[in-house]
Amino acid sequence: MIELIPAIDIINGQCVRLTKGDYDQKTVYGDPIEMAREFERLGFRRLHVVDLDGARSRHIVNVEMLKAITTETQLVVDFGGGLKTDDDIGRAFEAGASMVTVGSVAVTQPELTAQWLRKYGPERIILGADVRQGRISINGWKEDSAEELLPFLQKYVDLGVRNVLCTEISKDGTLQGPATQLYKKVMAAYPTLHLIASGGVSSEADIAGLQAAGIPAVVFGKAIYEGRIDLAELIKTVTSDNH
């Protein structure tokens, strides 16, 4: 069954959602700690937290907010956004993150990323693959790299990566449905990956479609905050040991 992972994106200490990664298209939804408590109350066990200030400034920023979430809930938190150095990664883990998502550095500094995989183990490092027109985007989605998705994944699968968070940027925050065909292509190439689909989820039906396509996990945010998904009902209908 598909793993359900609600998302909290943070700017200036507030829970926000962007559209297609555009900081000028921002909607504010409230206090991240209250959101996290509510997700735990509903029965979720996992949470995806993105430090959007960190992604933009290229170093970890919202470490105190991360610490508050991990202190005040029992949620398993994966954390990403602006993790560029050993110090950034260390601070995220010290603040209670169970896993970190590494995206831009995996493109620009593959040797450092390989070092982190060896040091922390592949179960604690999630490879972030943010895709725009077939290529990996970096630095808060402001730049497109020359890396194409499947060869990029191959490089890290060979290094032991097991967890991949794949966001189709053109879908993100649009509530227009996920890039299911893209995820099916990835799963066909790498059937043992724990692939986390991200971007475009608008309804319980979208999540059911991903589950039917054999996608292991899904991150979703805007559909929650816009009231498109009944979370209590979703948890009942999508039975999972890990939700």
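Located above this text is the structure these notes cover.
Everything numeric here is computed off the predicted structure, so don't read it as measured data.

## Quick word on the overall build of the protein
Stage number 1. When helices and strands are counted, the protein shows eleven helices and twelve strands.
Stage number 2. In terms of C-alpha radius of gyration, the protein reaches 16 Å, essentially the compact-globule figure of 18 Å for 243 residues.
Stage number 3. Reported as C-alpha extents along the three principal axes, the dimensions of the protein are approximately 45 × 40 × 35 Å.
Stage number 4. Counting every position in the protein, which comprises 243 residues, the buried fraction comes to 60%.
Stage number 5. Carbon together with sulfur atoms contributes 46% to the accessible area of the protein, which is approximately 10100 Å² in total.
Stage number 6. Of the charged side chains in the protein, 26 are positive and 33 negative, and the gap between their average positions amounts to 2 Å.

## Some points on the pairing of strand β6 (residues 99-102)
Stage number 1. Neither face of β6 is left uncovered, since the one carrying Met99 and Thr101 and the one carrying Val100 and Val102 both have all their residues buried.
Stage number 2. Relative to β6, strand β5 (residues 76-80) runs parallel, the two being bridged by three bridges. Paired with phenylalanine 79 across the bridge in β6 is valine 100.
Stage number 3. On the question of chirality, the crossover connecting β5 to the parallel β6 by way of helix α4 (residues 86-94) is right-handed.

## Considerations on the pairing of strand β4 (residues 46-51)
Stage number 1. Burial analysis of β4 places six of its six residues in the buried class, which makes it a mostly covered element.
Stage number 2. Where β4 and β5 come together, five bridges link them in parallel fashion. The residue bridging histidine 48 from the neighbouring strand is aspartate 78, located in β5.

## Some words on the side chain of histidine 48
Stage number 1. Mapped onto the fold, histidine 48 is located in strand β4.
Stage number 2. With a relative accessible area of 6%, histidine 48 lands in the buried category.
Stage number 3. Side-chain polar atoms of histidine 48 contact the side chain of aspartate 78, separated by 2.5 Å.

## Focus: the packing of aromatic side chains
Stage number 1. Under the counting rule described, the total for this entry stands at five aromatic pairs.
Stage number 2. Taking 4.9 Å as the distance between ring centres and 25 degrees as the angle between the ring planes, the aromatic pair formed by tyrosine 29 and tyrosine 225 counts as stacked. Of this pair, tyrosine 29 sits in strand β3 (residues 22-30) while tyrosine 225 sits in helix α10 (residues 222-225), and the two are 196 residues apart along the sequence. The pair tyrosine 29 / tyrosine 225 is uniform in exposure class, with both members buried.
Stage number 3. Aromatic side chains phenylalanine 39 and phenylalanine 44 sit 6.0 Å apart centroid to centroid with 80 degrees between the ring planes, which places their arrangement in the edge-to-face category.
Stage number 4. The exposure class assigned to phenylalanine 44 is buried, which follows from its relative accessible area of 2%.
Stage number 5. Ring pairing ties together the aromatic residues Tyr29, Phe39, Phe44 and Tyr225, which thus form one cluster.
Stage number 6. Above the plane of the ring of phenylalanine 93 lies arginine 124, whose end atom (NZ or CZ) is 3.9 Å from the centre.

## Notes on the side chain of serine 104
Stage number 1. The topology assignment puts serine 104 in helix α5 (residues 104-108).
Stage number 2. Not counting residues within four places of it along the chain, the set of residues in contact with serine 104 comprises Lys84, Ile138 and Asn139.

The rules behind these values
What you see as residue numbers is a count from 1 along each chain, following the sequence as written. In view of the model being predicted, local features appear only for residues whose pLDDT reaches at least 70, and side-chain atom pairs are presented and counted only at 80 or more, with totals across whole chains, interfaces and linings using the full set of residues. Calculated side-chain values reflect all of the structure's heavy atoms, with hydrogen atoms and water omitted. Helix and strand assignments follow DSSP, with helices taken as H or I runs no shorter than four residues and strands as E runs no shorter than two, numbered in order from the N terminus. Based on C-alpha atoms, the radius of gyration is set beside the globule rule, defined as 2.2 Å times the residue count to the power 0.38. Burial classification: accessible surface area is computed with a 1.4 Å probe over protein chains only, and a residue below 20% of its type maximum counts as buried, one above 50% as exposed, and the rest as partly exposed. To be clear on the numbers: accessible area is Shrake-Rupley with a 1.4 Å probe, and residue cover counts the displayed protein chains and nothing else. Counted charges follow a simple rule, with Lys and Arg positive, Asp and Glu negative, and His plus the chain ends left uncounted. Charge coordinates come from a single atom per side chain, which is NZ of Lys, CZ of Arg, CG of Asp or CD of Glu. Two strands are counted as paired when DSSP detects at least two bridges linking them. Orient the strands so they point away from the viewer, and a crossover whose first-strand-to-second-strand path over the helix runs clockwise is right-handed. The definition of a polar contact used here is a pair of N or O atoms within 3.5 Å, where within protein one atom must be able to donate a hydrogen and the other to accept one, and adjacent residues in sequence count solely through side-chain atom pairs. To pair, rings of Phe, Tyr and Trp, with the six-membered ring standing in for Trp, must have centres within 6.5 Å; the planes then decide the type, stacked if under 30 degrees apart, edge-to-face if over 60, and tilted in the middle. Criterion for a charge above a ring: Arg CZ or Lys NZ at most 6 Å from the ring centre, at most 35 degrees from the ring normal. Whether two residues touch is decided by their heavy atoms; if any such pair falls within 4.5 Å, the residues are in contact.

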